[in-house]
Amino acid sequence: MNYSVIAKSWGSLLIVEAVLMLIPEITGNIYGEKEALWFLMIAAASGTVGFLLRTFVKTNKKLRSREGFAIAALNWIVLSIIGALPFFLSGAIPCFTDAVFETASGFTTTGASILTEIESLPRCILMWRSLTHWIGGMGVLVFILIFAPSDADNMHIMKAESPGYSVDKLVPKVKQTAIILYAIYLGLTVLEMVLLLCGGMPLFDTICHSFGTAGTGGFGIKADSIGGYNAYCQVVITVFMMLFGTNFKVYFLLVTKKWKEALKQQEVVWYFIIYAVVVAIITISLIKDVGSFWQSLNLASFQAASVMTTTGFATADFNTWSTVAKLSMVMLMMIGACAGSTGGGMKVSRVVLYVKQIKREIQSLVHPRSVKKITMDGSAVSEGTIRAMNVYLMAYVIIMALSILLVSIDGFDVTSTITAVVATFNNIGPGLGIVGPTGNFHDFSHFSKWVMIFDMIAGRLEIFPMLVLFMPDTWKKR
């Protein structure tokens, strides 16, 4: 293990986090909040340590795969711990475990909260909560790659942090890919802000909700989340949740005028088909209770988008919906958004390829001598990719089952326990029962919260970077 390259990466991370903390610090100064001072002090300390690490740690060794995965996992842990300090030291969240849970939930764009009261919090604290979503949405390490001095081996970091069963460079150089991704990300965020302002949403609310939508995180600044805003704003947020849950490769293809290739992306097609089917099911199930088709459609389309993209915003308490509607929501929780998006979950691409594998196995039973390749977007999927996906599924099931068993020690009902783990592991936010849209994770024990902190980071990093940390070979010297 090349420890110097890890330490140097920490330096870059701490400098970036220090700079980003100036945003809530400025917000607090605008509103005259004393808590803003904590952001300034922590930013100064973080920036100083980061500068020392960048300056005095020397390394000229190449970054290998295991270092890339270890950097991704360790940096997200450090990011969450340092990011929790303003919550903890300011007294906004007096329990350190709760502060780390809230911060990890923000950076991983999960949106699960331990806070029982939100609207009384200082605006600088609310800004930091929402900003953690925007930072974590595209990935802070991808952001750092923009300023990396060279492209050498940086693909290992990008693969470790970027969500999806595979990561491809959009252009030959990793740094250019990172710049393109963040340019698209920033452009969509600004466009949403403009549209929300046109709908009459206050500026502060607009910024926070745009950050939450872009990162598909879902931290609200109101007790009723998005429920108190007008229908126009709800529709805008619905549209942008779906846009940010789409594979960003599609936007790159559209920008480069490769229209036909963009429209042929199978994952995106199935993403919208699954969404449309679930919205139709929920709308039909809600009509008799709501009494209006359009209101039912609005509720169904918003909540389905929120859950499928793992954003977690709410306009209604789907805890009270019919069984078929709630099960449809749980199904969307498991599937998640597209690979290469800011959304979480298993990813639509994996689900599509799992179905194709099942189809191939059935065909091989009927035609034992046939040899059929699995394809995606007109290209054959390698057997190595298929194997990696199957291993991912096994790890996914084992970690989820073990987490549910560990969290069940708290003694909550089955629905709350299972959906709490599903919601954190898939980076969704709300579940059912006590962790529904009107509930929170406050009552879980410290032990269960640390289990779910692990789940949130593991889910955001597609499991394996976190598991790499537990392999003895990872830490052996060359």
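This section reports on the structure supplied with the text. (Residues numbered from 1 in each chain as written. Predicted model: local features only at pLDDT ≥ 70, side-chain atom pairs only at ≥ 80, totals over all residues. Heavy atoms only, no water.)

The number of helices and strands found in the protein chain is 20 helices and 2 strands. Compactness check: the protein chain gives a C-alpha radius of gyration of 22 Å against a globular reference of 23 Å for 478 residues, within 12% of the reference. The principal-axis extents of the C-alpha atoms in the protein chain amount to approximately 65 × 55 × 50 Å. Sorting the 478 residues of the protein chain into buried and exposed places 56% on the buried side. For the protein chain, the proportion of contacts with a sequence separation of at least 24, taken over those separated by at least 6, is 71%. Of the roughly 19900 Å² of accessible surface on the protein chain, 69% is carried by carbon and sulfur atoms. Charge centroids of the protein chain, computed over 36 positive and 29 negative side chains, lie 14 Å from each other. (Helix = DSSP H or I, 4+ residues; strand = E, 2+ residues; numbered from the N terminus. Rg over C-alpha atoms; globule rule 2.2 N^0.38 Å. Buried < 20%, exposed > 50% of the residue type's maximum accessible area, 1.4 Å probe, protein only. Contact = heavy atoms within 4.5 Å. Areas by Shrake-Rupley, 256 points an atom, 1.4 Å probe, with all protein chains shown as cover. Lys, Arg positive; Asp, Glu negative; His and termini not counted. Charge placed at Lys NZ, Arg CZ, Asp CG, Glu CD.)

Over its 16 residues, helix H14 (residues 293-308) runs 22 Å from end to end, which matches the ideal 22 Å to within 8%, given 1.5 Å per residue. Its buried side turned inward, H14 meets helix H10 (231-244), helix H13 (266-290), helix H15 (323-335) and helix H16 (348-366). Two to three positions downstream of the cap, the backbone nitrogen of Gln295 sits 3.3 Å from a side-chain oxygen, assigning the N-cap of H14 to Ser292. Positive backbone phi, approximately 60°, marks Thr310, located one or two places after H14. (Expected span 1.5 Å × (residues − 1). Polar contact = N/O pair within 3.5 Å; in protein donor to acceptor, adjacent residues only side chain to side chain.)

A word on the state of the cysteines. In total, this model carries 0 disulfides according to the counting rule given. Among the cysteines around Cys124, which has no disulfide bond, Cys208 carries the closest sulfur, lying 11 Å off. No disulfide involves Cys198; its sulfur sits 9.8 Å from that of Cys233, the nearest cysteine. Under the relative-accessibility criterion, Cys198 is labelled exposed at 60%. (Disulfide = S-S within 2.5 Å.)

According to the stated counting rule, one finds 23 aromatic pairs in the structure shown. Three or more aromatic residues link up through ring pairs in this structure, and these residues are Trp134, Tyr182, Tyr185, Phe211, Phe240, Phe244, Phe248 and Tyr251. Lying across the ring of Phe204, Arg123 places its NZ or CZ 4.8 Å from the centre. It is Arg129 that lies over the ring of Phe219; its NZ or CZ is 4.0 Å from the centre. (Phe/Tyr/Trp six-rings, centres within 6.5 Å; stacked < 30°, edge-to-face > 60°. Lys NZ or Arg CZ within 6 Å of the ring centre and 35° of its normal.)

Within the secondary structure, Asn426 sits in the loop between helix H18 (414-425) and helix H19 (446-460). With relative accessibility at 1%, the residue Asn426 sits in the buried group.

Direction vectors running N to C along H16 and helix H17 (residues 383-407) enclose 110°, while the axes themselves pass 11 Å from each other. Between H16 and H17, the angle falls in the class roughly perpendicular. Of the residues in H17, those in contact with Arg350, Leu353, Tyr354, Gln357 and Arg360 of H16 are Glu383, Ile386, Met389, Asn390, Tyr392 and Leu393. Within the contact of H16 with H17, the residues separate by chemical class into 6 nonpolar, 2 polar and 3 charged. (Axes fitted to C-alpha atoms, helices over the stretch in contact; angles between N-to-C directions. Parallel < 35°, antiparallel > 145°, perpendicular 65-115°, else oblique. Nonpolar A, V, L, I, M, F, W, Y, C, P; charged D, E, K, R; others polar.)

Below, the discussion takes up helix H3 (residues 65-90). For H3, with 26 residues, the first-to-last C-alpha span of 39 Å sits near the 38 Å given by 1.5 Å per residue. A maximum bend of about 30° is found in H3 at Ala84, where proline Pro86 lies one to four positions downstream. Where H3 terminates, the next one or two residues include Gly91, which has phi positive at roughly 90°. (Bend = angle between axes of the 7 residues up to and from the residue.)

The next point concerns the pattern of salt bridges. Applying the stated criterion to the full structure yields 6 salt bridges. Here Asp98 ties to Lys449 by a salt bridge, and the two come within 2.6 Å at their closest N and O atoms. With Asp98 in helix H4 (residues 96-107) and Lys449 in helix H19, this pair connects stretches of sequence that are 351 residues apart. Taken individually, Asp98 and Lys449 each receive the classification buried, so the pair is uniform in this respect. The partner of Arg350 in a salt bridge is Glu462, and the shortest N-O contact between them spans 2.5 Å. Pair noted here: Arg350 is in helix H16 and Glu462 is in the loop between H19 and helix H20 (464-468), with a separation of 112 residues, a long-range link. One exposure class covers both Arg350 and Glu462, and it is buried. Because the salt bridges share partners, they merge into one network encompassing Lys347, Arg350 and Glu462. (Salt bridge = Lys/Arg side-chain N within 4 Å of Asp/Glu carboxyl O.)

Note that Thr27 resides in helix H1 (residues 3-30). Given a relative accessible area of 9%, Thr27 falls into the buried group. Once residues within four sequence positions are removed from consideration, Thr27 is found in contact with Arg123, Cys124, Met127 and Phe204.

Here we come to unusual backbone geometry. With phi around 45°, Thr216 is a residue other than glycine that occupies positive phi space. Positive phi outside glycine occurs at Thr310, with the angle close to 60°. Considering the arrangement of structural elements, one finds Thr310 in the loop between H14 and H15.

With respect to the secondary-structure elements, Thr238 resides in helix H10. Residue class for Thr238 comes out buried when judged on its relative accessible area of 9%. For the pair formed by Thr238 and Ala304, sequence separation is 66 residues and the distance between their alpha carbons is 9.0 Å. Not counting residues up to four positions away in its chain, the partners in contact with Thr238 are Tyr275, Ser301, Phe302 and Ala305. Reaching out from Thr238, the side chain makes a polar contact with the backbone oxygen of Gln234 at a distance of 2.8 Å.

Another aspect to go through is the packing of H1 against H3. Where H1 meets H3, the axes come as close as 10 Å, and the angle between the chain directions of the two elements is 35°. Regarding H1 and H3, the two cross each other, and that crossing is right-handed. Across from Val5, Ile6, Ser9, Trp10, Leu13, Leu14, Glu17 and Met21 in H1, the residues of H3 making contact are Glu67, Ala70, Ile71, Leu74, Asn75, Val78, Leu79, Ile82, Gly83 and Pro86. The residue inventory of the contact of H1 with H3, partitioned by class, reads 13 nonpolar, 3 polar and 2 charged. (Left-handed = near helix turned anticlockwise from the far one by under 90°.)

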